[in-house]
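Structure at a glance
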Amino acid sequence: MWLLFTFFVLASTAQDGGKVLEDEECVPHSQPWQVALFEHTRFNCGASLISPLWVLSAAHCQTRFMRVRLGEHNLRKYDGPEQLLAVSRIIPHPGYEARSHLHDIMLLRLLRPVRLTPQVRPLALPTRCPRVGEPCLVSGWGLISDNGPENPKRPKPQVRLPDTLHCANISIISDASCDKDYPGRVMDTMVCAGVEGRGTDSCEGDSGGPLVCTGALQGIVSWGDVPCDTTTKPGVYTKVCYYLKWIRETMKRN
C-alpha cells in the first residue's frame, strides 16, 4: 500500500491549543507546472512538469497504470486548458528504499510532449540547494481542514479532500531543528519545510507534489509525521538539488 501525504501549515487555536490546517485555494492556474497523477481514473499523487516531455514525482507514487493531467484546478470540472497524457516510461530512482524514504524520486516520460500554454508550462530545476528560512510554496489536492466553528455536534474541525488545488506558504527549516523531530531519520537527500514553532502537517493525498522556492523546484512531497491533526513536526521533502545529475542523465538516456 502506497503512503500518500500532503503538507499544510498548522496554527494553534487560542482556545484549547489544538491545531488547524491553514492553507487556501490557489489562484486558478497560478501553478502551471502542477501535475495530477492518476491510476486509471483514480487520483493518486501530485507531480511537477520539468520539461515538455518529463514529469518529476515521488518514487512511492509509482503504480502500474499511470496517466497525467495538466492544466488542472478543479479535478471534478472541465475548464478547457486541461491536458490528459499517457506515460510511456516510469523510472523510479534505482536506490529507492520504501522504509527509510531514501531516494524517493521518480521520473515519468510522457508518450508525447505537452502543449505549452499559459496554464501548462515547466518549472525550473534548482541551480543551488535550498537555504534555511527561504520562503516556499507547497501545493496539492490533499486533505484540508473545514475550519468552521466548533459545536457539540462537531467538536473539532473536519478534514476532507478538496476538488480544487490548494496552496500553503512555508519555509525551509534547518537540518538540526528537523533532526530533533525525526532523530536519525532525516538524510542529506532530504529537506524539511514548515512554519518554525508551529510545524506542518502530513495528510493523505499529495505525495510527489512540488515545493517551490524562489521560482525553482527544491522539494518533492515525501513523508512526515502522522496523525495529521495533532503533529507539530515539519514535512520532509526529497531534496531535488541532490539529484540534478541523475535527473539530467536519466532524461538524456531515455
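Quantities reported herein were computed from a predicted structural model and do not represent experimental measurements.

**Observations concerning the overall build of the protein**
Along its length, the protein carries two helices and 18 strands. Summarising the internal contacts of the protein: among those between residues at least 6 apart in sequence, 72% fall at separations of at least 24. When the accessible area of the protein is evaluated, it comes to approximately 11,900 Å², of which 53% is carbon and sulfur surface.

**A few points about the confidence of the model for the protein**
It should be kept in mind that the predicted coordinates are not to be read in detail where pLDDT is low. On average, residues of the protein score 84 in pLDDT, and 78% of them are at 70 or above. Taken as a whole, residues 1-21 scores under 50 in pLDDT and shows 93 contacts with residues more than four places along the chain or in a different chain.

**Some remarks on the pattern of salt bridges**
Inspection of the entire model under this criterion finds four salt bridges. Ionic pairing is found between Glu 39 and Arg 42, a salt bridge with its closest N-O pair at 2.8 Å. Its relative accessible area of 23% is what places Glu 39 among the partly exposed residues. For Arg 42, a relative accessible area of 43% translates into the label partly exposed.

**Looking at the sheet that holds strand E4 (residues 34-39)**
One closed barrel holds the six strands; their spatial order is E4-E5-E6-E9-E8-E7, and the pairing between them is antiparallel. For this sheet the average axis-to-axis angle between neighbouring strands, irrespective of direction, equals 40°. Here four bridges tie strand E7 (residues 66-70) to strand E8 (residues 83-92), and the two strands are oriented antiparallel to one another. Paired with Leu 70 across the two strands is Gln 83, which belongs to E8. Contacts from helix H2 (residues 244-253) reach strand E5 (42-51), strand E6 (54-57), E8 and strand E9 (106-110) within the one sheet, and its direction differs from that of E9 by about 30°.

**Re the pairing of E4**
Moving residue by residue along a regular strand, the side chains alternate between the two faces of the sheet. Most of E4 sits inside the fold, with five of its six residues counted as buried. Summarising the sheet, E4 and E5 pair through six bridges and their orientation is antiparallel. Looking at E5, one finds that Glu 39 is bridged to Arg 42. The hairpin formed by E4 and E5 contains two residues between the paired strands, and His 40 there has a positive phi angle of roughly 60°.

**Description of the state of the cysteines**
Scanning the model with the defined rule gives five disulfides in all. Disulfide pairing is shown between Cys 45 and Cys 61; the S-S distance is 2.1 Å. Between Cys 45 and Cys 61, the S-S torsion sits near -85°, and that sign places the bridge as left-handed. Here Cys 45, found in strand E5, pairs with Cys 61, found in the loop between E6 and E7; they are 16 residues apart in sequence, far enough to count as distant. A sulfur-sulfur distance of 1.9 Å marks the disulfide that ties Cys 178 to Cys 192. Note on the Cys 178 and Cys 192 pair: the S-S dihedral is about -70°, so by sign convention the disulfide is left-handed. Here Cys 178 is found in helix H1 (residues 175-181), whereas its partner Cys 192 is found in strand E14 (residues 190-194), with 14 residues between them in sequence. In terms of burial, Cys 178 and Cys 192 fall into one category: buried.

**Comments concerning the nonpolar core**
Counting residues in each nonpolar core, the largest one holds 36 residues, and the members touching the most others are Leu 37, Leu 56 and Ile 247. Contributing elements (two or more residues each) for this core: E4, E5, E6, E7, E8, E9, strand E17 (216-223) and H2. Setting aside its immediate chain neighbours within four residues, Leu 56 contacts Ala 47, Ser 48, Ile 50, Ile 105, Met 106, Leu 107, Gly 208, Leu 217, Ile 220, Val 240 and Ile 247. Core analysis: the next-biggest nonpolar cluster, separate from the first, contains twelve residues, Val 138, Ala 168, Leu 211 and Val 221 among them.

**Considering the packing of aromatic side chains**
With the rule as written, the count across this model stands at four aromatic pairs. The interplanar angle of 70° and the centroid separation of 5.8 Å between the aromatic rings of Phe 38 and Phe 43 together place this pair among those described as edge-to-face. Site record: aromatic cluster; members linked through ring pairs are Phe 38, Phe 43 and Trp 141.

**Considering the side chain of Glu 82**
Considering the arrangement of structural elements, one finds Glu 82 in the loop between E7 and E8. With no salt bridge to any partner, buried Glu 82 finds its closest opposite charge in Arg 69, at an N-O distance of 6.4 Å. For Glu 82, the side chain forms a polar contact with the main-chain nitrogen of Asp 79, separated by 2.7 Å. Aside from chain neighbours lying at most four places away, what touches Glu 82 is Leu 70, Gly 71, Glu 72 and Lys 77.

**A few points about the environment of Ala 193**
When you line up the elements, Ala 193 lands in strand E14. A sequence separation of 58 residues divides Ala 193 from Pro 135, and the C-alpha atoms of the two residues are 9.2 Å apart.

Basis of the calculations
Residues numbered from 1 in each chain as written. Predicted model: local features only at pLDDT ≥ 70, side-chain atom pairs only at ≥ 80, totals over all residues. Heavy atoms only, no water. Helix = DSSP H or I, 4+ residues; strand = E, 2+ residues; numbered from the N terminus. Contact = heavy atoms within 4.5 Å. Areas by Shrake-Rupley, 256 points an atom, 1.4 Å probe, with all protein chains shown as cover. pLDDT = per-residue confidence, 0-100. Salt bridge = Lys/Arg side-chain N within 4 Å of Asp/Glu carboxyl O. Buried < 20%, exposed > 50% of the residue type's maximum accessible area, 1.4 Å probe, protein only. Pairing = 2+ DSSP bridges. Axes fitted to C-alpha atoms, helices over the stretch in contact; angles between N-to-C directions. Disulfide = S-S within 2.5 Å. Core = buried A, V, L, I, M, F, W, Y, C linked by side-chain atoms within 4.5 Å. Phe/Tyr/Trp six-rings, centres within 6.5 Å; stacked < 30°, edge-to-face > 60°. Lys, Arg positive; Asp, Glu negative; His and termini not counted. Polar contact = N/O pair within 3.5 Å; in protein donor to acceptor, adjacent residues only side chain to side chain.

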